[in-house]
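As a plain string of letters, each chain reads:
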Amino acid sequence: MFRNQAQPLVTAPAETAVLSLLLAEGPLSRVELARRTGLSSTAITKAARPLIDDGYLHELAPERTAPGAGRPVNPLAITPDREFFVGVKISDDRLFGVVCDLRARVRATAGRPLADHQPESVGALLAELVDELLDSAPAFRDRTRHLGIAVSGDVDRGGGRVRFSGRLGWRDVPLAEMVTASTGLAVTVENDVKALTIAEHWFGEGVGTGYFALVTIGAGIGSALVVNGQLVTGAHGVAGEMGHISVDPAGPRCRCGSVGCVEAIASSGAILEAVRRGTGLGGLAFEEAVEMARDGDPVAREAFARAGRAIGVGIATLVNLIGPERVVVSGEGAGTYDLFGQHIKDAYAAHTFGAAGTCPLSLRPLPWEEWARGAAAVAVQALFP
Ligand SMILES: [Zn+2]
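This one's a predicted model, so the numbers in the text were calculated from it and none came from an experiment.

Rules of the game
- Residues numbered from 1 in each chain as written.
- Predicted model: local features only at pLDDT ≥ 70, side-chain atom pairs only at ≥ 80, totals over all residues.
- Heavy atoms only, no water.
- Helix = DSSP H or I, 4+ residues; strand = E, 2+ residues; numbered from the N terminus.
- Rg over C-alpha atoms; globule rule 2.2 N^0.38 Å.
- Buried < 20%, exposed > 50% of the residue type's maximum accessible area, 1.4 Å probe, protein only.
- Donors = N, O, S within 2.8 Å, 3.2 Å for Na, K, Ca; no water.
- Tetrahedral: all angles 85-135°; square planar, octahedral: opposite > 155°, others 65-115°.
- Pairing = 2+ DSSP bridges.
- Contact = heavy atoms within 4.5 Å.
- Axes fitted to C-alpha atoms, helices over the stretch in contact; angles between N-to-C directions.

Student: So, the overall build of the chain: which residues are in play, and what are the values?
Tutor: Summing up its helical and strand segments, the chain has 13 helices and 15 strands in all. Here the chain has a C-alpha radius of gyration of 22 Å; the compact-globule value for 385 residues is 21 Å, and the two agree. For the chain, the spread of C-alpha atoms along the principal axes amounts to about 75 × 50 × 35 Å. Going through the 385 residues of the chain one by one, you find that 50% of them count as buried.

Structural data, given as structure tokens:
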């Protein structure tokens, strides 16, 4: 099995706790770090020392916590430029790449159109893209060891393999091994929705939440869950997949083989299929179906309404299971939220149980670069054991 060559930066639990808190929340004093981690101040000082020596942390200028308060404290902060991380999202027709710093701020972007989905040609383009990104500043070339790649489908993160990606037509592709050989970087491959969720949980809407869910709508319906502050991977690397919850046993067949999955009703392809079938207009494009719905065509409107209900029931199911503090709805389907947003909200409200239903849904349209940033956030995680 493929293993990353780069060693984790931190190994001891105290160092891991200090680095992860500072990454997610910004500068904190040693006293605050001790309070938050339950460790002693001595243990915090000991854990921070090697990270300061290596240039990952620095001390900010002393500040008094309150007028007349005792000794001033020097908060500890991440040094964002100490190391850079490349993230690449492989979409259906394009590679989106970013260089991020330690705080997952995007410092450079680049892209490549995909001519086909052959793993070898995608891998070659990916290596080219990484080269371009690293050449955009000398510091990137000098201080980048890790690359994260986000792919749709069933991904074996530990083994660096894409087990199955319906969108790319891939089965058992050893992507990490291929790209490590061509770039020399330590590569982590993750499911794209999980990668986006990691970024949103660490650096976006989900910061500070212990229970959090992200749902993406569009060509596919994806979701990922954070429970107790950790991304849920499940025993098999597949967990929290709302898209394949069956919400209608009499519904259409899904490409996964099951019947009535949320994705089989609510993906943009499924909506288009329903409009084509209902209107007899076999050559209709998705944008035309959207226009018809906006113009009030009853068949098109009902296809979006049904999709919205399926998504709402799916999200309610997730919320009833894990009780998140917040659910973020994103993905390219956010662009048609005017057509099914109310149906999502109504079905969600009707199917959530008790207090779990107080969890707000926030719509957050995220550009493709954010998905690449998610891949870079996965690469940042490689610093941890
Ligand atoms: Zn399915």
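After that view of the structure, there is still more to cover.
Student: Give me the lowdown on the coordination of the zinc ion, citing residues and values where you can.
Tutor: The coordination sphere of the zinc ion, as far as protein atoms go, consists of His 244 (ND1), Cys 254 (SG), Cys 256 (SG) and Cys 261 (SG), spread over 2.0 to 2.3 Å. The coordination sphere of the zinc ion comprises 4 donor atoms, whose angles at the metal cover 104 to 121 degrees; the geometry is tetrahedral. All donors of the zinc ion come from a single chain, and their spacing in sequence reads H-x9-C-x1-C-x4-C.

Student: Describe the sheet that holds strand β12 (residues 222–227), naming the residues involved and giving the relevant values.
Tutor: Spatial ordering of the open sheet is given by β13-β12-β11-β14-β15, a layout of 5 strands whose pairing is mixed. Edge positions in the open sheet fall to β13 (230–231) and β15 (361–363), since each of these has one partner strand only. Pairing geometry for strand β11 (residues 212–216) and strand β14 (residues 326–330), over 5 bridges, is parallel. Counted as the bridge partner of Thr 216 is Ser 330 from β14. In this fold helix α11 (residues 298–322) packs onto β11, β12, β14 and β15, with an angle of close to 15 degrees to the strand it touches most, β12.

Student: How would you sum up the environment of Leu 60? Please name residues and give values.
Tutor: By secondary structure assignment, the location of Leu 60 is in the loop between β1 (57–59) and β2 (76–78). On the basis of relative accessible area, Leu 60 is assigned to the partly exposed category, the value being 29%. Considering only alpha carbons, one finds Leu 60 and Ala 77, 17 residues apart in sequence, at a separation of 6.8 Å. Sequence-distant contacts of Leu 60, defined by excluding residues within four places in its chain, comprise Pro 27, Asn 74, Pro 75 and Ala 77.

Student: Any details on the sheet that holds strand β7 (residues 154–156)? Residues and values, ideally.
Tutor: What the 3 strands build is an open sheet, ordered β7-β8-β9; its pairing is antiparallel. Each edge of the open sheet carries a strand with a single partner, namely β7 and β9 (170–173). With strand direction ignored, the average angle separating the axes of adjacent strands in the sheet is 15 degrees. Relative to strand β8 (residues 161–165), β7 runs antiparallel, the two being bridged by 3 bridges. Along β8, the bridge assignment pairs Asp 156 with Arg 161.

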